[in-house]
Amino acid sequence: MKFNRKNMRFYKEKLEMIVMLIGAIGTGASIFFGLDRINSTLKEQRFSNRLELADDMINEYISLSEEASKAVLYIIAESNGYANECQSLADSPRKHVSQLEEMKKKILAYGSTELVNLFFDSYNDVRIKVENDTNDIDSFKSYFYYMPLIASYIKYDLTGEIVNPSIFYNSTMPELKKLEKAQGMENFHTEMVNTNNLLIQKYHLSKDFVWLED
């Protein structure tokens, strides 16, 4: 009987240790999977936030490009004495400069090194021309050449998805396309495509950004 009591006490202690061990393992597993679930949720939230940011920045940049082309149309009209006929565009130069400054802040805050360099290559060039009151379209052409690639790279930078610059240009930049029909713009499209592809080489971007016509 004494032997049996010792055995029972021994097995009871063993059983309690096993139960405690299983409980500890269960608690650890719960904490691990709980943390993993929280981490997964945070990642999904961060990705969702970046998608929203990308959407906002792309829309803002497209709006900026449209305002820029309107500004140039007004500058050309003004220099040729037709400003009164284009009064609806009179505020476009101011709007464009304002939008450009806001976009600059966002690019600096969220852009990669490649995007920052690409954007500021264009930004610095146009700022000098605006400050010098340049009013001929030839001086602004290079600024427009950058726009489809910058729009495409903003999306890639924030989402990892590559949309060819030609798609952005053809589907979301109608004001720029209108400029192609203006006198002195005969080589505009060809020069824009060539500039796009040279910028890809300059900043060592993916060849998927090489301009593809429909």
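Everything that follows concerns the structure shown earlier in this document.
Residues numbered from 1 in each chain as written. Predicted model: local features only at pLDDT ≥ 70, side-chain atom pairs only at ≥ 80, totals over all residues. Heavy atoms only, no water.

What about unusual backbone geometry?
Among all residues except glycine, the phi angle is most often negative; among peptide bonds, the trans geometry is most common.
Item 1. Of note in this structure, His-204 is not a glycine but carries a positive phi near 55°.
Item 2. By secondary structure assignment, the location of His-204 is in the segment after helix 7 (188-202). (Helix = DSSP H or I, 4+ residues; strand = E, 2+ residues; numbered from the N terminus.)

Here's the deal with the packing of aromatic side chains
Item 1. Taken as a whole, this structure holds nine aromatic pairs when the rule is applied.
Item 2. Here Phe-119 and Tyr-123 contribute two aromatic rings whose centre-to-centre distance is 5.9 Å and whose plane-to-plane angle is 20°, an arrangement assigned as stacked. Separated by four residues within a single helix, Phe-119 and Tyr-123 lie in helix 3 (residues 113-131), roughly one turn from each other. We note that Phe-119, like Tyr-123, is buried.
Item 3. Arranged with centres 5.3 Å apart and planes meeting at 65°, the rings of Phe-120 and Tyr-123 form a pair that is edge-to-face. Highlighted residues: Phe-120 and Tyr-123, both in helix 3, separated by three residues, approximately one helical turn. Take Phe-120 and Tyr-123: they sit in the same class, and that class is buried. (Phe/Tyr/Trp six-rings, centres within 6.5 Å; stacked < 30°, edge-to-face > 60°. Buried < 20%, exposed > 50% of the residue type's maximum accessible area, 1.4 Å probe, protein only.)

Structural notes on the side chain of His-96
Item 1. As for its placement among the helices and strands, His-96 is situated in helix 2 (residues 92-110).
Item 2. On the basis of relative accessible area, His-96 is assigned to the buried category, the value being 6%.
Item 3. A polar atom in the side chain of His-96 sits 2.8 Å from the side chain of Tyr-143.
Item 4. Those residues in contact with His-96, other than ones at most four positions away along the chain, are Leu-64, Glu-67, Ala-68 and Tyr-143. (Polar contact = N/O pair within 3.5 Å; in protein donor to acceptor, adjacent residues only side chain to side chain. Contact = heavy atoms within 4.5 Å.)

Examining the packing of helix 3 against helix 4 (residues 137-159)
Item 1. One way to put it is that helix 3 packs onto helix 4 with a least axis distance of 9 Å and a crossing angle of 155°. When the axis of helix 3 is compared with that of helix 4, the two are roughly antiparallel. Handedness of the helix 3/helix 4 crossing: left-handed. For the pair helix 3 and helix 4, the contacting residues are Glu-114, Leu-115, Leu-118, Phe-119, Asp-121, Ser-122, Asp-125, Val-126, Lys-129 and Val-130 in the first and Ser-139, Phe-140, Ser-142, Tyr-143, Tyr-146, Leu-149, Ile-150, Tyr-153, Ile-154 and Asp-157 in the second.
Item 2. When its residues are assigned to classes, the contact of helix 3 with helix 4 shows twelve nonpolar, three polar and five charged. (Axes fitted to C-alpha atoms, helices over the stretch in contact; angles between N-to-C directions. Parallel < 35°, antiparallel > 145°, perpendicular 65-115°, else oblique. Left-handed = near helix turned anticlockwise from the far one by under 90°. Nonpolar A, V, L, I, M, F, W, Y, C, P; charged D, E, K, R; others polar.)

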